[in-house]
Each structure stands twice: as C-alpha cells, then as structure tokens.
Amino acid sequence: MSDWTWEYCPNAEEVVGGLTDKQRAVVEDIARRIAEAVGVRRIGHPFDIQESASGVRTYAEANVMLWYQEDYRDDTVLILRAQCLDAE
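By convention here, each chain's residues receive numbers from 1 onward along its written sequence. Local features in this predicted model are restricted to residues whose pLDDT is 70 or higher, and side-chain atom pairs enter the listing and the counts only when it is 80 or higher, whereas totals over whole chains, interfaces and linings include all residues. Neither water nor hydrogens contribute to the side-chain values; these are computed over all heavy atoms in the structure.

Draft legend 1. Spatial organisation of the sheet that holds strand E4 (residues 76-84). At least two bridges found by DSSP between two strands are what make those strands a pair. Strands here mean DSSP runs of E at least two residues long; helices mean DSSP runs of H or I at least four residues long; both are numbered from the N terminus. Reading across the sheet, the four strands line up as E1-E4-E3-E2 and stay open at both edges, with mixed pairing between neighbours. At either margin of the open sheet sits one strand with a lone partner, and together these are strand E1 (5-8) and strand E2 (57-61). Averaged over neighbouring strand pairs, the angle between their axes works out to 35° when direction is ignored. In the sheet, E2 pairs with strand E3 (residues 64-71) via five bridges, with the strands oriented antiparallel. Bridge assignment links Thr58 to a residue of E3, and that residue is Trp67. The contact rule is simple, with two residues in contact once any of their heavy atoms fall within 4.5 Å. Lines fitted to C-alpha atoms define the axes, with helix axes restricted to the stretch in contact, and inter-axis angles between N-to-C directions lie between 0 and 180 degrees. Its contacts with the sheet put helix H2 (residues 21-41) on E1, E2, E3 and E4, and the angle it makes with E3 is roughly 40°.

Now the structure itself:
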C-alpha cells in the first residue's frame with residue numbers, strides 16, 4: 001500500500017462545497033484511488049527538487065471530473081476542483 005494521501009486545495013468548501021454528500025463521497029473515492037495509483041507509479045522514482053510537483057492534471061469517470069496536482073515533496077495529491085454533471 002502507498003504512503004500517498006490526498007487533500008483538497010485550498011479547502012473542501014472551495015472544491016466540493018456545492019456538491020451533495022453522495023457526490024462528495026464519489027469525489028473522495030476517486031481521489032483516494034488516484035493517490036494510490038500515483039504512489040504505485042512513483043515507486044523507485046527518487047525525489048528530485050527540479051520535479052517537485054506535476055502540472056495540473058484531469059481525470060474523468062462517469063459523471064465526475066477532477067482537476068488535481070501531484071505534490072512529490074509531500075506524497076500528496078491535491079484536489080483542486082471537482083465537478084459532477086448529475087443534479088443529485
């Protein structure tokens with residue numbers, strides 16, 4: 001299991017404040033899976049100060065789209081924006 005975690009940036013209210021609890025749960029599940037995948041992908045890659053963070057990346061699944069950044073210094077995926085297309 002990876003030591004990578006995820007968090008909202010700047011905070012949950014700014015990123016998922018308008019979503020329902022069900023939508024937030026979906027976003028958080030996807031964020032957890034992204035963090036696990038990044039952790040696996042980064043196995044064997046030593047930290048390089050020149051590459052301390054990725055650019056902004058996107059991931060879409062079903063009706064959810066996330067914008068995120070990988071912070072290699074802190075082994076953290078920063079969830080920058082989330083959008084759900086359903087009206088639940």
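That covers the picture; the talk isn't over yet.
Draft legend 2. How the structure looks around a negative patch on the surface. Every patch collects residues that have over 30% relative accessible area and no salt bridge, joining them within 9 Å if they carry like charges and within 5 Å if they are nonpolar side chains (Val, Leu, Ile, Met, Phe, Trp, Tyr). Method for areas: the Shrake-Rupley scheme with a 1.4 Å probe, in which residue coverage is limited to the protein chains shown. The salt bridge definition used is simple: a Lys or Arg side-chain nitrogen within 4 Å of an Asp or Glu carboxyl oxygen. Just so you know, the count uses Lys and Arg for positive and Asp and Glu for negative, and it drops His and the chain ends. Taken as the charge location is NZ of Lys, CZ of Arg, CG of Asp or CD of Glu. Among the surface-exposed residues, Asp3, Glu7, Asp74 and Asp75 lie close enough to one another that they form a single negatively charged patch. Examined against the element boundaries, Glu7 turns out to sit in strand E1.

Draft legend 3. The arrangement of the side chain of Arg42 in detail. Secondary-structure assignment places Arg42 in the loop between H2 and E2. Those residues in contact with Arg42 that sit more than four places away from it in its chain are Trp4, Glu51 and Tyr72.

Draft legend 4. Representation of the pattern of salt bridges. For the structure shown, the criterion picks out eight salt bridges. Note that Asp29 and Arg33 form a salt bridge whose closest N and O atoms lie 3.2 Å from each other. Placement of the pair is Asp29 and Arg33 together in helix H2, with a separation of four residues, close to one helical turn. Between Glu70 and Arg41 there is a salt bridge, and its shortest N-O distance comes to 2.5 Å.

Draft legend 5. Quick peek at unusual backbone geometry. Looking along the chain, the bond that leaves Cys9 and enters Pro10 is cis, with omega of 15°. Mapped onto the elements of the fold, Pro10 is located in the loop between E1 and helix H1 (12-16). Phi is positive for Ala62, close to 55°, though the residue is something other than glycine. Take Ala62: it is sitting in the loop between E2 and E3. Exposure categories follow from relative accessible area, calculated using a 1.4 Å probe and restricted to protein chains: below 20% of the type maximum is buried, above 50% is exposed, and the middle band is partly exposed. What makes Ala62 exposed here is its relative accessible area of 83%.

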